[in-house]
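Structural characterization, general
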Amino acid sequence: MAEHYLSTVITSAVVATIAGALINAWLESRRERHSTRFEALSAAVTLEGYAITCAEAISHNDIAEQSLGHAGAFMGSVPEFPTISVPAGFLKPEKAKVADKLMVFPQEIRQADQWVGLQWDFTAEVEAVREAAVEQSAQMGLSAIELASNIRKAFNLPERKLIFGVFDVEKTLRKALREVQDNA
């Protein structure tokens with residue numbers, strides 16, 4: 001009887017230990033997944049915010065051009081991109097492409113801004129610099145929207161349309177890019 005009791009206690013203890021470890025691992029995995037999705041949502045919103053900033057800068061530049069500098073603000077560079085982190089959870093095989101693009105994106109923005117600066121070095125024409133700033137900002141804003149959309153898809157997050165009343169961010173960026181390319 002004591003032997004049976006001891007066998008039952010030991011077996012129960014082993015089962016409880018294994019079950020406890022499995023439950024803890026499952027809970028930790030679930031917590032990590034939620035944390036990673038939150039970080040993905042945060043990254044997508046940051047990218048969308050950057051696209052909005054680009055569209056606003058282009059709109060202010062248009063106003064400055066139309067008012068001969070009496071209103072709005074002329075562009076002379078690509079808007080600065082805020083610091084963004086890429087959590088380790090983004091590096092899972094099916095999400096590695098968006099993680100890579102997210103990590104490279106700030107470098108692409110710096111290169112776009114360098115291109116704008118080179119326009120001054122090559123031409124010394126203010127209009128060429130402004131046009132390059134609009135073109136590069138529109139391209140970077142559209143890239144930010146695309147990357148945000150890819151992140152939302154990869155992490156199964158809800159879609160977001162960047163339309164605020166009559167201000168459609170994507171349309172503003174596409175129109176600006178089209179106008180610069182038509183003038184070239």
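Note: the structure precedes this text.
Calculation rules
- Residues numbered from 1 in each chain as written.
- Predicted model: local features only at pLDDT ≥ 70, side-chain atom pairs only at ≥ 80, totals over all residues.
- Heavy atoms only, no water.
- Helix = DSSP H or I, 4+ residues; strand = E, 2+ residues; numbered from the N terminus.
- Buried < 20%, exposed > 50% of the residue type's maximum accessible area, 1.4 Å probe, protein only.
- Contact = heavy atoms within 4.5 Å.
- Expected span 1.5 Å × (residues − 1).
- Bend = angle between axes of the 7 residues up to and from the residue.
- Salt bridge = Lys/Arg side-chain N within 4 Å of Asp/Glu carboxyl O.

Helices and strands together make up the secondary structure of the chain, namely four helices and two strands. Secondary structure elements of the chain, listed N to C terminal, follow the sequence α-α-α-β-β-α. By the burial criterion, 32% of the 184 residues in the chain qualify as buried. Taking as baseline every contact in the chain between residues at least 6 positions apart, the subset at least 24 positions apart corresponds to 76%.

The subject of this paragraph is helix H2 (residues 96-123). Taking 1.5 Å of rise per residue, 28 residues should cover 40 Å, and H2 covers 40 Å from first to last C-alpha, within 8% of that figure. In H2, a bend of some 35° at Phe 105 exceeds every other bend along the element, and Pro 106, a proline, comes one to four places later. Residues of H2 that are buried: Val 98, Ala 99, Leu 102, Phe 105, Pro 106, Ile 109, Ala 112, Val 116 and Gln 119.

Time to look at unusual backbone geometry. Although it is not a glycine, Ala 124 sits at a positive phi angle of roughly 55°. Tracing the backbone through its elements, the reader meets Ala 124 in the loop between H2 and helix H3 (126-154). For Asn 156, which is not a glycine, the phi torsion comes out positive at approximately 55°. Among the residues examined, Asn 156 registers a relative accessible area of 63% and is labelled exposed.

Once that is clear, we can look at the pattern of salt bridges. Applying the stated criterion across every chain, the model contains seven salt bridges. A salt bridge links Arg 174 to Glu 170; the nearest nitrogen and oxygen atoms lie 2.8 Å apart. You can see Arg 174 and its partner Glu 170 sitting in helix H4 (residues 169-183), four residues apart, about one turn around the helix. A residue is classified by how much of its surface remains accessible, and Arg 174, at 43% relative accessible area, is partly exposed.

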